[in-house]
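# Summary of the model geometry
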Amino acid sequence: MQMIKETEGGHTSGQALRFVLAEEEQIHMLHPQQIIAYRGASSNRSDRFMNIKGMYRKKKLIQADLRGPCEVVTALPVGYSMRSIMLSDDSDLLYDFRHLFFYTEGIRMQTRILKLKNMFITRDAIKVKFSGKGQIGILTEGQVCEIRLSPDEPLYVDAGSVIAYPENATLQLAVYGNHLASQHMSYQWQMTGHGSVLLQAGRQSHKLEQDLKDDGLVKRVLREVIPFGGIFIK
């Protein structure tokens, strides 16, 4: 399967992705309403209802199954990007199913019920582990950043920016820095282990846009000095 990024933009435009499928190649699109152009035999597209697990995880009913030879153009929302990840049998990353945009034939999905401590940290009870040989597409806010973990030196990551992490990573809910830093930062995951964690870089853009607005010196100071000032002072 060949995938081509047609256009890219920030907040003024989205981006389009073109998928070129050869004979017998298959891809499963979980957001079929994002397909804006198709070239191929009509019979090579078959929409179907997701299973109960898929409906619950994606809050959607229908997925599109596409078979080559064909070309498909999909549109992504403004501010979002799509990261294609090649998988192998030894892949051990856990994902939030909501971020899944597509997967190719041959990919297996396994549900992982998190430990009680990790449920509290991640605010989620279930993650999905993908395995097999093929590709998955992950939809993210902004670009994706990949950072290697260490078994000895903790990595602190913004909790809302985490896309995927290794199944055997150790997680703790934490903050870092001095008192002022820890009082005003978002919740962090303190992570150790082997492998890499995937982060989406666009989660903090809304906060930065708010900071750059000309609201006056008093409001800006109060937001920074008063605990939870960013919530109460608009």
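Let me sum up the structure you'll find in this document. All figures in this text were calculated on a predicted structure; none of them were measured in a lab.

## Considerations on the nonpolar core
- Core analysis: the largest hydrophobic core is formed by 18 residues, its most contacted members being Tyr-95, Leu-100, Phe-130, Ile-136 and Leu-198.
- Once residues lying within four places of it in the same chain are set aside, the contact partners of Ile-136 are Arg-83, Ser-84, Ile-85, Leu-87, Tyr-95, Leu-100, Phe-102, Tyr-103, Ile-107 and Phe-130.

## Some details on the environment of Met-50
- Mapping Met-50 onto the fold places it in the loop between β5 (45–49) and α1 (52–58).
- Separated by 10 residues in sequence, Met-50 and Lys-60 have C-alpha atoms that sit 7.9 Å apart.

## Observations concerning unusual backbone geometry
- In the segment running from Gly-68 into Pro-69, the intervening peptide bond is cis, with an omega of 5°.
- Structurally, Pro-69 can be placed in the loop between β6 (62–67) and β7 (70–76).

## Focus on the sheet that holds strand β12 (residues 126–131)
- Taking strand neighbours across the sheet as the criterion, the six strands line up as β11-β12-β9-β16-β19-β14 in an open arrangement whose pairing is antiparallel. Every other strand in the sheet has two partners, leaving β11 (108–113) and β14 (144–148) as the edge strands with one partner each. The sheet shows a mean angle of 30° between the axes of neighbouring strands, direction not considered.
- Bridge count between strand β9 (residues 93–95) and strand β16 (residues 162–166): three bridges; the pairing is antiparallel. The partner of Leu-93 across the bridge, within β16, is Pro-166.

## Description of a nonpolar patch on the surface
- Nonpolar side chains collect at one region of the surface, where Phe-49, Leu-61 and Ile-62 lie side by side and expose about 300 Å² of accessible area between them.
- Within the element layout of this structure, Leu-61 appears in the loop between α1 and β6.

What counts and what doesn't
Residues numbered from 1 in each chain as written. Predicted model: local features only at pLDDT ≥ 70, side-chain atom pairs only at ≥ 80, totals over all residues. Heavy atoms only, no water. Core = buried A, V, L, I, M, F, W, Y, C linked by side-chain atoms within 4.5 Å. Buried < 20%, exposed > 50% of the residue type's maximum accessible area, 1.4 Å probe, protein only. Contact = heavy atoms within 4.5 Å. Helix = DSSP H or I, 4+ residues; strand = E, 2+ residues; numbered from the N terminus. Pairing = 2+ DSSP bridges. Axes fitted to C-alpha atoms, helices over the stretch in contact; angles between N-to-C directions. Patch = residues over 30% accessible without salt bridge, like charges linked within 9 Å, V, L, I, M, F, W, Y side chains within 5 Å. Areas by Shrake-Rupley, 256 points an atom, 1.4 Å probe, with all protein chains shown as cover. Salt bridge = Lys/Arg side-chain N within 4 Å of Asp/Glu carboxyl O.

Nothing here speaks to function; it is all geometry.
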